[in-house]
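In case you want the letters, here they are:
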Amino acid sequence: MLNETPDEADIYGAALPLEYESDLDPLLARIGGARCVLLGAASHGTHEYCAWRAALTRRLIAEHGFSFVAVEWDWRDCRQIRRSVTGTPEAPQDPRRVLEARRRWPAWVWANEETARFCRWLREHNLAHNSELPPHRRVGFYGLDVYGLWESLHTVHAYLTEHHPDYLGIARNAYRCFDPYGENPQVYAWKSRLVPEGCEAEALELLTGLRRTAGSDAVAEELDVEKNAEAGAARYYRAMLEGGPQAWNLRDAHMADTLDRLLALHGPRARAVVWAHNTHVGDARATAMADSGMVSLGQLVRERHGRDRVAVVGFAGGHGNVIAASHWDGPMETMPVPAPMHGSLEELLMREVELDQALFVFADGPDQPWLTARRGHRAIGVVYDPDRDHRQFVPTTLADRYDALCWFSWTSPLSPLHPQPVRRGEAQTLPA
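Predicted, not measured: the structure shown is a model, and the values here were computed from it.

Enquirer: Any chance you could explain the overall build of the protein here in plain terms?
Expert: When you go through the protein residue by residue, the secondary structure sums to 18 helices and 11 strands. Per-residue burial over the protein gives 61% buried out of 432 residues. Pairs at least 24 residues apart make up 78% of the contacts formed inside the protein by residues separated by at least 6 positions. Carbon together with sulfur atoms contributes 50% to the accessible area of the protein, which is approximately 16,500 Å² in total.

In structure tokens form, the structure reads like this:
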């Protein structure tokens, strides 16, 4: 390349191919002996992020003995999945059937072919390699949201529909506290409440009642994870009803707490893989989130376990298509993802990376300008408006937020299990 800028030279030399699963070798070397590997996604509806996240996880489990997968999903919704993949007696033999039964919005986030394919592989791995262990000691699949975020939001929505339908529009603003943000953090930190003043006690009783009435068929060790979380349930629900950034912080803190309890459950040598959105796994201190006093799961895990014991992998895409909804509780749609905003990380990579798919593994203490400068980094949640895509970019210092990045110039929608036409994007080489 002639007359290249420092950024261009650094990026050109750092881009590694990402075409086959063997191309993940440099990333596995970077992960090394990390106890926690956090794998992100720049959206909840992109095939490439899900497929490559699963490919890396398969290798971490099969080749490096990782103990469990913990995901950004409700604890109870994951219970039957966990029972199936660990071969628990009387549990469904096909995890796909369990995922198909998950229809509560936003079902596509986990009820998709990509997750089903991974869970089938995990069951086969457990039965082939861990059959001598009791099911609860095999490689599990857990939800980090012990307090049932989506179940709780649906409960509040039903309550408002019946008692305060005029308040639904205001409540939808508060829902943004639980979805990845891209706008100015001061704009994001909505002060909207989920319920009107004076209704908090009644709504709080509904939410805590969910936990009292829901039965559990988990083994005693797993019940300890829930029991140890009970003390914070009322505080979490109260913050959720009040809205604002504190709701986000409590959610990420309790996901970090759940992860720690799962590590304790699986023993002192346990190793965890976490699947969540970039806005959760990335270190909030490297973003504009910190300017609003927000924390993230990745930040907390680094602080608790030490940066040398944690590996964080972010994902990014240029343009293509994504599965999302235009409003909370709306139908899923295949939406276009436009070319990235000028000056953003994605625009830089679109311009400078010759590979359609690339892997970047950051060294400790990098000094390349493209890694140390702050640029917008796209974040698409379950609710998305392509016409306002310019608001979906989180100011980010890349090398401080992640330890590595998987890049896809073109992205395609994932494949929901529930029948609905989905227009596929341009084909790319992908893991099975």
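On we go from here.
Enquirer: Looking at this model, I keep getting lost on the packing of helix α12 (residues 233–242) against helix α13 (residues 245–266). Mind explaining?
Expert: Helix-helix packing: each pair is described by the crossing angle between the helix axes and the interaxial distance. At a closest axis distance of 8 Å, the pairing of α12 and α13 adopts a crossing angle of 150 degrees. In this view, α12 runs roughly antiparallel relative to α13, as classed from their interaxial angle. The element α12 and its partner α13 pack so that their crossing is left-handed. In this structure, α12 contributes Arg235, Tyr236, Ala239 and Met240 to the contact, and α13 contributes Gln246, Ala247, Leu250, Arg251 and His254. Among the residues making up the contact of α12 with α13, the classes are represented as five nonpolar, two polar and two charged.

Enquirer: I would appreciate a short explanation of α13 in the present structure.
Expert: Since the α-helix turns once every 3.6 residues, residues separated by three or four places project in the same direction. With 22 residues, α13 should cover 32 Å at 1.5 Å per step; its first-to-last C-alpha distance of 32 Å lies within 8% of that length. The element α13 is extensively covered by neighbouring structure, given that 16 of its 22 residues are classed as buried. Downstream of α13 by one or two residues, glycine 267 has phi in the positive range, about 100 degrees.

Enquirer: What is the right way to look at unusual backbone geometry in this model?
Expert: Residue proline 106 is bonded to the preceding tryptophan 105 through a cis peptide linkage, with omega at 0 degrees. The phi angle at aspartate 329 is positive, at roughly 70 degrees, despite the residue not being glycine. One can find aspartate 329 in the loop between β6 (310–325) and β7 (332–337).

Enquirer: Looking at this structure, I do not really get the pairing of strand β2 (residues 36–39). What am I missing?
Expert: Looking along a regular strand, one sees the side chains alternate between the two faces of the sheet. Residues Cys36 and Leu38 line one face of β2 and the alternating positions Val37 and Leu39 line the opposite face, and both faces are buried. Relative to strand β5 (residues 272–275), β2 runs parallel, the two sharing four bridges. Looking at β5, one finds that leucine 39 is bridged to tryptophan 275. One ladder, built from four bridges, connects β2 with β6; its direction is parallel. Note on β6: the bridge partner recorded for leucine 38 is valine 312.

Enquirer: Just checking my understanding: could you explain the pattern of salt bridges for this structure?
Expert: Side chains carrying opposite charge are able to pair once their charged atoms draw close together. Summed over all chains, the structure comprises 23 salt bridges. The shortest N-O distance in the salt bridge between arginine 285 and glutamate 303 comes to 3.4 Å. Of this pair, arginine 285 sits in the loop between α14 (278–281) and α15 (297–305) while glutamate 303 sits in helix α15; the two residues are 18 residues apart in sequence, bridging distant segments of the chain. The shortest N-O distance in the salt bridge between aspartate 389 and arginine 378 comes to 2.9 Å.

Enquirer: I would appreciate a short explanation of the nonpolar core in the present structure.
Expert: Judged by nonpolar contacts, the single largest core of 123 residues is most densely connected at Phe141, Leu194, Met240, Trp275, Phe360 and Trp370. Listed in part, the six residues of the second largest apolar core include Val322, Met335, Val337 and Ile380.

Enquirer: How should I be thinking about the environment of glycine 45 in this particular structure?
Expert: Locating glycine 45 in the fold gives a position in the loop between β2 and α3 (47–64). In this structure glycine 45 comes out as buried when scored by relative accessible area, which is 0%. Along the sequence, glycine 45 and alanine 325 sit 280 residues apart, while their C-alpha atoms lie 9.9 Å from each other. Ignoring sequence-local partners within four residues, the contact set of glycine 45 consists of Trp108, Val322, Ile323, Ser412, Pro413 and Leu414.

Enquirer: Looking at this model, I keep getting lost on the pairing of β6. Mind explaining?
Expert: A large share of β6 lies buried, amounting to 15 of its 16 residues. The pairing of β6 with strand β11 (residues 404–411) spans seven bridges and is parallel. For glycine 320, the partnering residue across the bridge sits in β11 and is threonine 411. The pairing of β6 with β7 spans six bridges and is classified as antiparallel. Note that in β7 the partner of asparagine 321 across the bridge is proline 336. The antiparallel pairing of β6 with β7 creates a hairpin that spans six residues between the two strands, and aspartate 329 there sits at a positive phi of about 70 degrees.

Enquirer: Can you walk me through the side chain of threonine 279 in this structure?
Expert: By the secondary structure assignment, threonine 279 is in helix α14. Residue threonine 279 is classed as buried on the basis of its relative accessible area, which comes to 1%. A polar atom in the side chain of threonine 279 sits 3.0 Å from the side chain of histidine 277.

Enquirer: Where do I start with the packing of aromatic side chains in this structure?
Expert: Given two aromatic rings, their pairing is described by the distance between the two centres and the angle made by the two planes. Tallied over the entire structure, the rule returns 18 aromatic pairs. Judged by centre distance (5.9 Å) and plane angle (20 degrees), the ring pair of tryptophan 73 and tryptophan 110 falls under stacked. Residue tryptophan 73 is found in strand β3 (residues 68–74), and its partner tryptophan 110 is found in the loop between α5 (95–100) and α6 (113–129); the two are separated by 37 residues along the sequence. With a centroid separation of 6.4 Å and 10 degrees between ring planes, the pair formed by phenylalanine 315 and phenylalanine 408 is classed as stacked. With phenylalanine 315 in strand β6 and phenylalanine 408 in strand β11, this pair connects stretches of sequence that are 93 residues apart. With a relative accessible area of 1%, phenylalanine 315 lands in the buried category. Residue classification places phenylalanine 408 among the buried residues on the basis of a relative accessible area of 0%.

Enquirer: Where do I start with the confidence of the model for the protein in this structure?
Expert: Detailed reading of predicted coordinates is not advised where the pLDDT is low. Confidence in the prediction of the protein, expressed as mean pLDDT, is 87, and 87% of residues score 70 or more. Per-residue pLDDT stays below 50 along residues 421–430; that stretch engages in 30 contacts with residues further than four places along the chain or on separate chains.

Parameters at a glance
Residues numbered from 1 in each chain as written. Predicted model: local features only at pLDDT ≥ 70, side-chain atom pairs only at ≥ 80, totals over all residues. Heavy atoms only, no water. Helix = DSSP H or I, 4+ residues; strand = E, 2+ residues; numbered from the N terminus. Buried < 20%, exposed > 50% of the residue type's maximum accessible area, 1.4 Å probe, protein only. Contact = heavy atoms within 4.5 Å. Areas by Shrake-Rupley, 256 points an atom, 1.4 Å probe, with all protein chains shown as cover. Axes fitted to C-alpha atoms, helices over the stretch in contact; angles between N-to-C directions. Parallel < 35°, antiparallel > 145°, perpendicular 65-115°, else oblique. Left-handed = near helix turned anticlockwise from the far one by under 90°. Nonpolar A, V, L, I, M, F, W, Y, C, P; charged D, E, K, R; others polar. Expected span 1.5 Å × (residues − 1). Pairing = 2+ DSSP bridges. Salt bridge = Lys/Arg side-chain N within 4 Å of Asp/Glu carboxyl O. Core = buried A, V, L, I, M, F, W, Y, C linked by side-chain atoms within 4.5 Å. Polar contact = N/O pair within 3.5 Å; in protein donor to acceptor, adjacent residues only side chain to side chain. Phe/Tyr/Trp six-rings, centres within 6.5 Å; stacked < 30°, edge-to-face > 60°. pLDDT = per-residue confidence, 0-100.

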